Amino acid sequence: MRATLRWVIWDVKDTLLKGLDGRSWWMKVVRDTFCQCRVKDPALLNTLAHNLYQNFSNAENWEVFPDSKKTLERCSLLGLKLGVVSNFDSRLEEILRVCGLLSHFRFLITSEEAGIAKPSPAIFDQALQKCGVAAANVAHIGDHYVNDYLASRSVGIHGFLLDRHNKHKQPDVPQEHRLSSLEELPSLLQQHMH
C-alpha cells in the first residue's frame, strides 16, 4: 500500500519566482562590475552594493510565474500542507510576502538559516522534521535536476522536476516526474493521495 501524500515542499527561485539571490555573491558582482567601470572608492562600492542588494528585496524586482499562485491554491484545496526549501538567504520571507505568496506556506527553510544548501540531504531532513511525516508522505517541486530532483529523491521524497523550457534531457527522469508547467502538478499529486 502506498503512503498518502500530505505535504508539498517547494523550491522558490526559478520555480515560483524569477529573480536573483545570494548576498555575498551579489555584493561581489556589484563591486567587481563598478571596479571595471573605474569606480575605486571602497566606501562607494560598498554603498552601491548594499543599496542594490536591498533593492532586490522589493517585489517589483521579482516576477511571480503566472501558474504559481493558482497551483499553490489548488494544492491547498487538495488538503496538502506547503513548505519551502530554498538555496536562498534571509530576504526570502519578505520577498514571498511582498509577492503575495508567503501565506501559502507553513514553514520556510533557507540554506542560509539551515547552514547547508541543496543538494545536501541534510536540508531535506530538516524539512521532513518540520513536516512531521515520513518522506513517502512528501513531494518536492523544483527546477534543478541535482539540487531539487535527485536530492529530494535521495531521502525518499517524491521529486518532481519543473522544466519550463524543456532543457532537462536526463534519461533517468520519468515523464511522470517532469512538469512543463506548475498547472500539471495538482493532478499528478492527486495520484499519490489515494
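Rules behind the numbers
- Residues numbered from 1 in each chain as written.
- Predicted model: local features only at pLDDT ≥ 70, side-chain atom pairs only at ≥ 80, totals over all residues.
- Heavy atoms only, no water.
- Helix = DSSP H or I, 4+ residues; strand = E, 2+ residues; numbered from the N terminus.
- Rg over C-alpha atoms; globule rule 2.2 N^0.38 Å.
- Buried < 20%, exposed > 50% of the residue type's maximum accessible area, 1.4 Å probe, protein only.
- Contact = heavy atoms within 4.5 Å.
- Lys, Arg positive; Asp, Glu negative; His and termini not counted.
- Charge placed at Lys NZ, Arg CZ, Asp CG, Glu CD.
- Phe/Tyr/Trp six-rings, centres within 6.5 Å; stacked < 30°, edge-to-face > 60°.
- Lys NZ or Arg CZ within 6 Å of the ring centre and 35° of its normal.
- Pairing = 2+ DSSP bridges.
- Axes fitted to C-alpha atoms, helices over the stretch in contact; angles between N-to-C directions.
- Disulfide = S-S within 2.5 Å.
- Core = buried A, V, L, I, M, F, W, Y, C linked by side-chain atoms within 4.5 Å.

Participant: Looking at this model, I keep getting lost on the overall build of the chain. Mind explaining?
Facilitator: In terms of helices and strands, the chain carries 8 helices and 8 strands. Relative to a compact globule of 194 residues, whose C-alpha radius of gyration would be 16 Å, the chain shows 18 Å and is just as compact. Taking the principal axes of the C-alpha coordinates as reference, the chain spans close to 65 × 35 × 30 Å. Across the 194 residues of the chain, 47% fall into the buried class. Across the chain, contacts joining residues at least 24 apart in sequence account for 63% of those joining residues at least 6 apart. In the chain, which carries 23 positive and 22 negative side-chain charges, the distance between the mean positions of the two groups comes to 1 Å.

Participant: I would appreciate a short explanation of the packing of aromatic side chains in the present structure.
Facilitator: Two descriptors summarise a pair of aromatic rings, namely the distance from one centre to the other and the angle between the planes of the rings. Taken as a whole and judged by the stated rule, the model has 3 aromatic pairs. Note that Arg164 overlies the ring of Phe65, its terminal NZ or CZ placed 3.7 Å from the centroid.

Participant: Looking at this structure, I do not really get unusual backbone geometry. What am I missing?
Facilitator: A negative phi angle is the norm for most residues apart from glycine, just as the trans form is the norm for most peptide bonds. Here the amide bond leading from Lys118 into Pro119 is cis, since omega sits at 20°, within 30 degrees of zero. If you trace the backbone, Pro119 turns up in the loop between helix H5 (111-114) and helix H6 (121-131). Phi is positive for Asp14, close to 70°, though the residue is something other than glycine. Within the fold, Asp14 resides in the loop between strand E1 (7-10) and strand E2 (17-18). At Arg38, a position not held by glycine, the phi torsion is positive, near 70°. Mapped onto the fold, Arg38 is located in the loop between helix H1 (23-36) and helix H2 (42-55).

Participant: Hey, could you run me through the environment of Pro66 in this one?
Facilitator: For Pro66, the position within the fold is in the loop between strand E3 (63-64) and helix H3 (68-77). In the structure, Pro66 is positioned 115 residues away from Ser181 in sequence and 9.6 Å away in space, judged by C-alpha atoms.

Participant: What's the story with the sheet that holds strand E8 (residues 178-179) in this structure? I'm lost.
Facilitator: Across a sheet, strands are paired by hydrogen bonds formed along the backbone, either parallel or antiparallel in direction. Spatially, E5-E4-E1-E6-E7-E8 is the arrangement adopted by the 6 strands of the open sheet, whose pairing is parallel. This sheet does not close on itself; its edge strands, each paired only once, are strand E5 (107-110) and E8. Examined bridge by bridge, strand E7 (residues 158-162) and E8 share 2 bridges and lie parallel to one another. The residue bridging Leu162 from the neighbouring strand is Leu179, located in E8. Packed onto the sheet, helix H7 (residues 145-154) meets strand E6 (138-142) and E7 and runs at close to 165° relative to E7.

Participant: Help me out: how do you make sense of the state of the cysteines in this one?
Facilitator: What makes a disulfide is a covalent bond joining the sulfur atoms belonging to two cysteines. Following the criterion strictly, the structure yields 0 disulfides and no others. Free of any disulfide, Cys99 has its nearest neighbouring cysteine sulfur in Cys75, separated by 19 Å. Judged by relative accessible area, which is 7%, Cys99 ranks as buried.

Participant: Explanation requested: the nonpolar core in the structure shown.
Facilitator: When a protein is soluble and globular, its nonpolar side chains tend to lie buried together. Membership of the largest hydrophobic core comes to 30 residues, with the highest contact counts inside it found for Trp10, Leu96, Phe105, Ile141 and Leu189. Those elements giving two or more residues to this core turn out to be E1, H3, strand E4 (81-86), helix H4 (92-98), E6, E7 and helix H8 (185-191). Core analysis: the next-biggest nonpolar cluster, separate from the first, contains 15 residues, Val85, Phe107, Ala127 and Leu128 among them.

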